[in-house]
Amino acid sequence: MKALTWHGVHDVRVDTVPDPIIEHPTDAIIKVTSSGICGSDLHLYEVLGAYLDEGDILGHEPMGIVEEVGAEVTHIKPGDRVVIPFNISCGHCHMCGTGLQSQCETTQTREFDTGAALLGYTKLYGQVAGGQAEYLRVPQAQYGPIKVPEGPSDDRFLYLSDVLPTAWQAVQYADVPAKKTVLVLGLGPIGEMCTRVAQHLGAETVIGVDLVPERLARAAAHGVTALNLEEHDDLPATVRELTGGRGPEAVIDAVGMEAHGAPIGKLAHRLAGFLPDKLAQKAIETAGIDRLAALHMSIELVRRGGTISLSGVYGGAVSPMPLLQMFDKQVTMRMGQANVWNWVDDILPLLSGNDDPLGVDTYATHHIPLTEAPHGYDIFQKKQDGAFKVVLNP
Ligand SMILES: NC(=O)c1ccc[n+]([C@@H]2O[C@H](COP(=O)([O-])OP(=O)(O)OC[C@H]3O[C@@H](n4cnc5c(N)ncnc54)[C@H](O)[C@@H]3O)[C@@H](O)[C@H]2O)c1
Ligand SMILES: [Zn+2]
Ligand SMILES: [Zn+2]
């Protein structure tokens, strides 16, 4: 089959690889019909190569049709239409039982002391072959796959794999239903969906910050107060003016480790990307290599006593944090990979009617064949050609 594979910094290719087969009775094989490219994939493209081998198949936002199931998989059968959550979780361990599927104790990668394994996401998370491919082996398929109805186009359901639960969790962790004003830093696919979910759940004022004009315009079009980072020398002052002098009650950081505006971290990332794996791993695990501009800005922006919710991914083990300011402002901070299944029952009803309240049907800007995936990565990373959400159709 054909699959999108990692070969080095800014080097992904479509290779011919062996078809996946059932390896465990809890596996399923799906024929992939749509597969998203995510901001998290860009971290692999740029920074985290030390944890990848050449030929690793990327992709963690797939959906498709079940081809074959193992003996212990009973809730789905060949022919069913399914979305696959990006975290691989068992559904029966202590962590899954408490709704923390991203910490699944059955699939944790003990070598690196990390949480649940992820599809297509480095040795840190199990080095499982990903879903930007014609076929995917789904581990823990007795639990993971989300069965969705026939009828609407793939885009209606595809974002259940990652974007929707990630944004939903970010908004819940920001405690938005109880708060009036929320600010979202970063208006990529995750951040913009956070603004939509926050509006849906009743936030009175939603402010969004980014530096890409098309992304600001997208958010402004549905009532977000959109601020261009580059047009405000003193962003905290501008935001305080918009929020009664106090700042927003909640801030969501949907940027993560590759924030614009952190030149030293950018250099560290470049170096980590080109070092031999062992040295780069050491740098990532013992030094502060994250570009922290967005996280530090979140701490500065949030109201005293407010909440910061981090959905942007960070990776440096000892990235410096302004503890004086965090303690003094009495900030609450919540973070983590999305616990996909924990939010499915809240989200699925919003995808079932004709009204499409979150606008998923028109969320993607690009649908391209799998064979053009390297181009998809290139335009998504460079934010060229209006690329916002790129969906691959194998
Ligand atoms: N927690 C989870 O489960 C989870 C799931 C999916 C994605 N993520 C993470 O969420 C983040 C966003 O993902 P995405 O798909 O939207 O990617 P993206 O890269 O398209 O979005 C990031 C956005 O932030 C903007 N930005 C950069 N620096 C900024 C700054 N200093 N201030 C404000 N905006 C800035 C960029 O212009 C871009 O629009 C990534 O870090 C990704 O890894 C987390
Ligand atoms: Zn993702
Ligand atoms: Zn589990």
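Residues numbered from 1 in each chain as written. Chains lettered and ligands numbered in written order. Predicted model: local features only at pLDDT ≥ 70, side-chain atom pairs only at ≥ 80, totals over all residues.

Notes on the overall build of the chain
The number of helices and strands found in the chain is 13 helices and 15 strands. Across its three principal directions, the C-alpha atoms of the chain cover 60 × 50 × 45 Å. When burial is assessed residue by residue, the chain has 52% of its 394 residues classed as buried. Taking all contacts inside the chain whose residues are at least 6 apart in sequence as the whole, residues at least 24 apart take part in 74%. (Helix = DSSP H or I, 4+ residues; strand = E, 2+ residues; numbered from the N terminus. Buried ≥ 20, exposed ≤ 12 C-beta atoms within 10 Å, placed from the backbone. Contact = placed C-beta atoms within 7 Å.)

Topic: helix 10 (residues 293-301)
When we look at burial in helix 10, the residues that qualify are Ala294, Leu295, Met297, Ser298, Ile299 and Leu301. For helix 10, the elements touching its buried residues are strand 8 (181-185), helix 7 (235-242), strand 11 (250-253), strand 12 (307-310) and helix 11 (323-328).

Some remarks on the packing of helix 4 (residues 163-173) against helix 5 (residues 189-200)
The N-to-C vectors of helix 4 and helix 5 enclose an angle of 60°; their axes lie 8 Å apart at closest approach. With respect to helix 5, the element helix 4 is oriented oblique. Here the hand of the crossing between helix 4 and helix 5 comes out right-handed. Contact residues: Val163, Leu164, Thr166, Ala167, Trp168, Ala170 and Val171 in helix 4; Pro189, Ile190, Met193, Cys194, Val197 and Ala198 in helix 5. Partitioned by chemical class, the residues of the contact of helix 4 with helix 5 number 12 nonpolar, one polar and no charged. (Axes fitted to C-alpha atoms, helices over the stretch in contact; angles between N-to-C directions. Parallel < 35°, antiparallel > 145°, perpendicular 65-115°, else oblique. Left-handed = near helix turned anticlockwise from the far one by under 90°. Nonpolar A, V, L, I, M, F, W, Y, C, P; charged D, E, K, R; others polar.)

Quick look at the site of ligand 1
In the vicinity of ligand 1, 33 residues are found, and the nearest of them are Gly39, Gly186, Gly188, Gly256 and His260. Of all elements in the fold, only helix 1 (39-46), helix 5, strand 9 (205-210) and helix 10 reach the threshold of two or more residues within the shell around ligand 1. Broken down by element, the residue count for the shell around ligand 1 peaks at four residues, all from helix 1. Across the shell around ligand 1, the residue classes tally to 17 nonpolar, 13 polar and three charged. Split by domain, the residues of the shell around ligand 1 number at least three in each of domain 1 (2-161 + 339-393) and domain 2 (164-335). (Near = placed C-beta within 6 Å. Domains from an automatic or database assignment.)

Here's the deal with the domain arrangement of the chain
How big an interface is tends to be reported as the loss of accessible area on association of its parts. Each assigned domain of the chain is listed with its residue range as follows: domain 1 (2-161 + 339-393) and domain 2 (164-335). Taking only C-alpha atoms, the centre of domain 1 and the centre of domain 2 are 24 Å apart. On the side of domain 2, 27 residues touch domain 1, which itself brings 24 residues to the contact. The set of elements that each furnish at least two residues to the side of domain 1 that touches domain 2 consists of helix 1 and helix 12 (340-347). Of the residues forming the side of domain 1 that touches domain 2, the biggest block, five residues, is contributed by helix 1. Its residues assigned to classes, the side of domain 1 that touches domain 2 shows 13 nonpolar, seven polar and four charged.

So, the packing of helix 4 against helix 12
Relative to each other, helix 4 and helix 12 sit at 90°, their axes nearing to 9 Å. When the axis of helix 4 is compared with that of helix 12, the two are roughly perpendicular. Residues Leu164, Pro165, Trp168 and Gln169 of helix 4 pack against Val340, Trp343, Asp346 and Ile347 of helix 12. For the contact of helix 4 with helix 12, the class distribution of residues is six nonpolar, one polar and one charged.

A word on the nonpolar core
If you look at the biggest cluster of nonpolar residues, it comprises 118 residues, and the most contacted ones within it are Ile30, Ala167, Val182, Leu185, Cys194 and Ile252. Element by element, the count of residues in this core is highest for helix 4, at seven residues. Built from parts of two domains, this core gets at least three residues from each of domain 1 (2-161 + 339-393) and domain 2 (164-335). When neighbours within four sequence positions are excluded, Ile30 is seen to be in contact with Gly64, Ile65, Val66, Glu67, Val82, Ile84, Tyr135, Leu136 and Val138. (Core = buried A, V, L, I, M, F, W, Y, C linked by C-beta atoms within 7 Å.)

Quick look at the environment of Leu227
Tracing the sequence through the fold places Leu227 in strand 10 (residues 225-228). For Leu227 and Val255, which are 28 residues apart along the polypeptide, the C-alpha to C-alpha distance reads 15 Å. Apart from the residues within four sequence positions on either side, Leu227 is in contact with Ile207, Val209, His232, Leu235 and Thr238.

Section: helix 6 (residues 213-220)
Every α-helical turn comprises 3.6 residues, leaving residues that sit three or four positions apart pointing alike. Within the sequence span of helix 6, burial applies to Arg215, Leu216, Arg218 and Ala219. One face of helix 6 carries all of its buried residues, which in axial projection span an arc of 160°. Those residues of helix 6 that are exposed and aimed more than 90 degrees away from the buried face are Pro213 and Ala217. Its buried side turned inward, helix 6 meets helix 5, strand 9 and strand 10. (Arc of directions from axis to C-beta.)

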